[in-house]
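Architecture at a glance
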Amino acid sequence: MTTRMVGEPVKRVEDPRLVTGNGRYLDDLGHDAFEVAFVRSPHAHARVVDVDVTDALDVEGLVAIYTYEDLVADEEEHGTRVAQALPLLIPHPTLTHGRTQHALANGEVNHVGEAIVMVVASDRYAAEDAVERIRVDYEFLTPIVGVEAARAAEHLVHDDVPGNVAARMVQETGDADAAIDAAPHRLELDLAIERSASMPMEGKGVHARWDADDESLTVHTSTQTSTSVRQAVAAKLNLPVDRVEVVTPDVGGGFGVKIVHPWPEEVLVPWAALRLGRPVKWTEDRREHFVSSAHERGQLHHVRVGYDDEGRLLGLSVKFWHDHGAYIPYGLIVPIITSTQLLGPYKPGAYRVEFESLYTNTVIVTPYRGAGRPQGCFVMERTMDAIAADLGLDRALVRERNFIQPDEMPYDQGLIFQDGRQLLYDSGDFPGSLAKLKELVGWDDFAAYREQARAEGRRVGIGMACYVEGTGVGPYEGGHIRVETDGTVVVSTGLTTQGQGHQTMLAQIVADELGVPFERIRVTTGDTRRFKYAVGTFASRTAVMSGSAVAVTARAVREKALRIASDALEAAVEDLEIVDGNVRVKGTGENGASVDLGAVAVLSNPLRYAFDEAAKRATQFAAPADPDKPPVAEGESPGLEASQFYSPPRSTFANGMHAVVVETDPDTADIKVLRYCVVHDCGTLINPMIVEGQIHGGVAQGVGGALYERMEYAPDGQLLNASFMDFLMPYASEVPEVEIDHLVTPSPLNPLGVKGAGEAGVIPGAAAIAAAIEDAEGITIRRMPISPSELFHLRLENQEAGS
Amino acid sequence: MSDVVSTGSTTRVSLTVNGVRHDLDLPARRLLSDALRHDLRLTGTHVGCEHGVCGACTVLVDGAPMRSCLLFAVSLDGAEITTVEGCRSADGGMGPVQQAFHECHALQCGFCTPGFITTITAFLDDNPAPTRDEAREAVSGNLCRCTGYVNIVSAVERAAELRREPTP
Ligand code: FES
Ligand code: FES
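- If you look chain B up in an unreviewed UniProt entry, it shows as (2Fe-2S)-binding protein from Nocardioides iriomotensis.
- In its Pathway (unreviewed entry) section, the UniProt entry covering chain B states "Alkaloid degradation; nicotine degradation."

- Chain A has the name Xanthine dehydrogenase family protein molybdopterin-binding subunit in an unreviewed UniProt entry, where Nocardioides iriomotensis is given as its organism.

Structural data, given as structure tokens:
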């Protein structure tokens, strides 16, 4: 009897390789490749007047130095497009002033860290020697830093973008302003969230090899989307797509930053390999990652809300300003998500949201795990708490009164989501989740605990936050599965992996669907040599998209196996089953007639040549066959394999609720998270161990975003804390134990009933922790993150206001 | 005209890595992390920050955990170095700390993992039976962006157990 693998906490097949030092990350490749370093702008906003490379020319090991002019010359000579601006990946009708960067600056730099000169040398040491000796003359322009300066628009980031506004977007259901004005109670709130970043432990990196004989290019890149990098590189280098392959090696974390593509280096490194005829590699160092990759989160919100005596929302109007940095290659995805997912599990009454996406002379902003949701959740949950405080009601009760009810599912929020489809919740039981959370954290008993702590001179507080997360966005993913003649099952899907255990999770699905032992399954992701059509790994979409794709593919392989085996076993297809990799007649048990899938693979591929033992069984004289039928049956193709795609009509919607207990130090204002409780609904759990791991990691990032992480930009556009010394990511000493309970409401949208789980853990962190600190201190919290010193100053302000 | 910038002069250094002696001619500025990764091709040691904060590059130098991104290889002549590759069991399979990471799901992307494995190996040599608080403290100098540390702390406890079990 085969046990079902889906739903089991199966240990990961990735681990033995990774824990013993046998992973292959980008910088583990190409020890003999030429290496690249960049001259990057030390100024936030300047014109590049002159680049003088004279002093660098004598550096031992120097191979080449390239500036923007070389890219232009190459365009004229070879028809490449490396000199042109990088693509605007996700256009939108409201994105009227989209600007993207050039691979090397073409006369103007718009943030500290923007690449100006590329140096190729024998190794990184030599490349950096040369970089140090290149002199760039600048003409300074006024840097625009922060939302306020961008809005004031006394100076412009891009001369041709009036007001520094890339886009202004409004969505509205009903007449929110009228509803608010007519409501018995009204509130206005100003809220702010600061910048953080994905900050994977491995930065970006690219290795490229041009094979002149074969006229083909192989690019390894630490990306979240190999298929799209392939298309982009081919287009930029003016190569037939057919001559370019992109392989994702082991990736040391992504969290969003690696979905952006092509990064300048993803174009420049392959281009240099092509021109130099030698392998070329670039490995991003940590400072480069801080100043030249991407950040997220920074937004300012103004909320107007109207509600009834019970705390029910009647109208909600939100206006916010989104700082997207110097360029906007990833379009409006982050603010669109904020503006829609802000609604969470609630019915807002009439809703109006308006945002402006603003240029500043800072690093670009693209999705970081949660992708705009932590901000939206912070805004909505702070509003809920403000309503509860205003009416003197229990905070959980106010939330409960505003919930969408289970019998209202599917629920249409009346907005357009980030995938251009309806914001239509497919499933969820919000009251059920809340009940579980209250139970888990002991919500109703907390008041007594708080009092008791007070009596002991301690300050403790509790907070909660709820979210809904659109996951598994389209347009599609695919799978390919082949059974080899030795019974090995080879699975590939095009999207990539950055540590989520996709090889394990996808193998669990295939094991169940195909009826083969888990150990026989080999999964490959993110290798365009194996699978060419894919979108990428983002938006918590792998389990939904590739999971469903390999499930339907496995079903197709299964059907084919049964068709072939029904001939061999002389039994009807309906009477057959596949158990432990053997096709057998149902009900005959282990001793009945059976044929293993390896043998079925042999039968599927009639051969002329006996190149090995298995092949011998499939040659034309080996098996008696019906002489009147073609060796490959009509409508069939050789090989026990199939390829299928999964393309859902719209996103699935996962949800969850977190509750946090904090303690604040009465003297030092130190903030400590005492308990962190999570109730999570991501539909069917494929591997609960992996899902919980994702939640743990997300919670740690949520705690980091609430209490420690921020990008400290000086007014001149210098990032003051561009190192791990100064940008405070939590260590084990800062992250609490996490208590988790699951509620499973399967999605009706896909064959597995799954909803994504990757991002969830991070979303409500700042909101829940802000609420808990507010509860402990009795001080209103309107901005996150919050440091002990900020809390200390809030206390002083509060005392002054009170005295 | 400037002088030629030469990195040519090298120093002979002898490193014993995971029990194998290597004689290398290295420029004085070559970091131990680069020497291990690119000269010896022991790429298990990872570099996450190259400024001594993340701990991904941690190796054991004469048994003590040190950050290989902050050490010049030539300064370690004669040293015994253990990398994550050297934390395997005698048969080349997973050693106890590695096994514990696997069992406890203490890694996701695995990039930080080698630094944790070496750090924990040294810690358990000193403290074979830590409490959970001690286990947490022991790993509090290494950054991981994926796991939230909960399972890493569990893996320290589990590794201690595995190391106490008699090897069959
Ligand atoms: S790479 Fe050495 S401590 Fe981060
Ligand atoms: S497992 Fe990815 S950084 Fe630790």
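**A word on the pattern of salt bridges**
All names here are of chain A.
- A complete count under the given rule lists 72 salt bridges over all chains for this structure.
- Its salt-bridge partner being R124, residue E288 comes within 3.0 Å of it at the nearest N-O pair. Here the residue E288 occupies a position in helix α8 (residues 286-292), and R124 occupies one in helix α3 (residues 124-132), the gap between them amounting to 164 residues. This pair shows no difference in class: E288 is buried, exactly as R124 is.
- Between E577 and R584 there is a salt bridge, with its nearest N and O atoms 3.0 Å apart.
- Here E577 falls in the partly exposed class, since its relative accessible area comes to 21%.
- Since its relative accessible area comes to 16%, R584 is described here as buried.
- A single salt-bridge network, built from bridges that share partners, covers R40, R124, E128, E265, D285 and E288.

**Details of the domain arrangement of chain A**
Residues and elements named next belong to chain A.
- Parsing chain A into structural domains produces domain 1 (30-143 + 201-292), domain 2 (299-473 + 649-802) and domain 3 (475-646).
- The straight-line distance from the C-alpha centre of domain 1 to that of domain 2 is 36 Å.
- Every contact between the two is made by 35 residues of domain 1 and, on the other side, 32 residues of domain 2.
- Three residues, I90, F255 and F290, lead the burial of domain 1 against domain 2; their summed loss comes to 26% of the area buried on that side.
- Where domain 1 packs against domain 2, one counts zero salt bridges.
- Inspection of the region where domain 1 meets domain 2 yields eleven residue pairs in polar contact (both at pLDDT 80 or more).
- Looking at which element gives the most residues to the side of domain 1 that touches domain 2, the answer is α8, with five residues.
- Residue composition of the side of domain 1 that touches domain 2, by class: 17 nonpolar, 13 polar and five charged.

**Considerations on the packing of aromatic side chains**
All names here are of chain A.
- By the definition in use, this model includes 14 aromatic pairs over all chains.
- Ring geometry for F290 versus F724: centroids 6.0 Å apart, planes at 75°, classification edge-to-face. Residue F290 is found in helix α8, and its partner F724 is found in the loop between α18 (688-707) and β28 (738-742); the two are separated by 434 residues along the sequence.
- Centre to centre, the rings of Y346 and F403 are 5.7 Å apart; their planes meet at 10°, and the pair counts as stacked. One end of the pair, Y346, is in the loop between α9 (333-341) and β15 (350-359); the other, F403, is in the loop between α11 (395-402) and β16 (411-416), with 57 residues separating them in the sequence. As far as the burial class goes, Y346 and F403 line up, both buried.
- Within the aromatic cluster, the residues linked to one another by ring pairs are F290, F724 and F727.
- Over the face of the ring belonging to W321 we find R151, whose NZ or CZ atom lies 3.9 Å from the ring centre.
- Sitting over the face of the ring of W263, K204 holds its NZ or CZ atom 4.0 Å from the ring centroid.

**A short note on the interface of chain B and chain A**
- Facing 56 residues of chain B, the contacting portion of chain A comprises 64 residues.
- Note that E737(A) is salt-bridged to R136(B), the shortest N-O span being 3.0 Å.
- Put simply, chain B and chain A have 32 residue pairs in polar contact (both at pLDDT 80 or more) between them.
- Of all elements in the fold, only α1 (32-39), α2 (96-104), α3 (113-126), α4 (132-138) and α5 (150-164) of chain B reach the threshold of two or more residues within the side of chain B that touches chain A.
- Considering every element that reaches the side of chain B that touches chain A, the biggest residue donor is α2(B), with four residues.
- Residues that form the side of chain B that touches chain A fall into these classes: 20 nonpolar, 23 polar and 13 charged.

**Regarding the sheet that holds strand β22 (residues 576-579) of chain A**
Residue and element names in this part refer to chain A.
- The antiparallel open sheet is built from three strands, whose spatial order is β22-β23-β24. Since the sheet does not close on itself, it has two edges, and those belong to β22 and β24 (594-596), each with one partner. Within the sheet, the average angular offset between the axes of one strand and its neighbour, ignoring direction, is 25°.
- Summarising the sheet, β22 and strand β23 (residues 582-585) pair through four bridges and their orientation is antiparallel. Opposite V579, over in β23, you have N582 as the bridge partner.
- Sheet strands in contact with helix α15 (residues 542-569) are β22, β23 and β24, and its direction is about 115° off that of β22.

**Observations concerning unusual backbone geometry**
Residue and element names in this part refer to chain A.
- Residue P262 is bonded to the preceding H261 through a cis peptide linkage, with omega at -15°.
- Its location among the elements puts P262 in the loop between β11 (244-247) and α7 (264-276).
- Cis geometry is found at the peptide bond from M409 to P410, where omega equals -5°.
- Tracing the backbone shows P410 in the loop between α11 and β16.

Thresholds applied
Residues numbered from 1 in each chain as written. Chains lettered and ligands numbered in written order. Predicted model: local features only at pLDDT ≥ 70, side-chain atom pairs only at ≥ 80, totals over all residues. Heavy atoms only, no water. UniProt positions renumbered as here; feature names shortened; annotations may be inferred. Salt bridge = Lys/Arg side-chain N within 4 Å of Asp/Glu carboxyl O. Helix = DSSP H or I, 4+ residues; strand = E, 2+ residues; numbered from the N terminus. Buried < 20%, exposed > 50% of the residue type's maximum accessible area, 1.4 Å probe, protein only. Domains from an automatic or database assignment. Contact = heavy atoms within 4.5 Å. Buried area = accessible area lost by both parts, 1.4 Å probe. Polar contact = N/O pair within 3.5 Å; in protein donor to acceptor, adjacent residues only side chain to side chain. Nonpolar A, V, L, I, M, F, W, Y, C, P; charged D, E, K, R; others polar. Phe/Tyr/Trp six-rings, centres within 6.5 Å; stacked < 30°, edge-to-face > 60°. Lys NZ or Arg CZ within 6 Å of the ring centre and 35° of its normal. Pairing = 2+ DSSP bridges. Axes fitted to C-alpha atoms, helices over the stretch in contact; angles between N-to-C directions.

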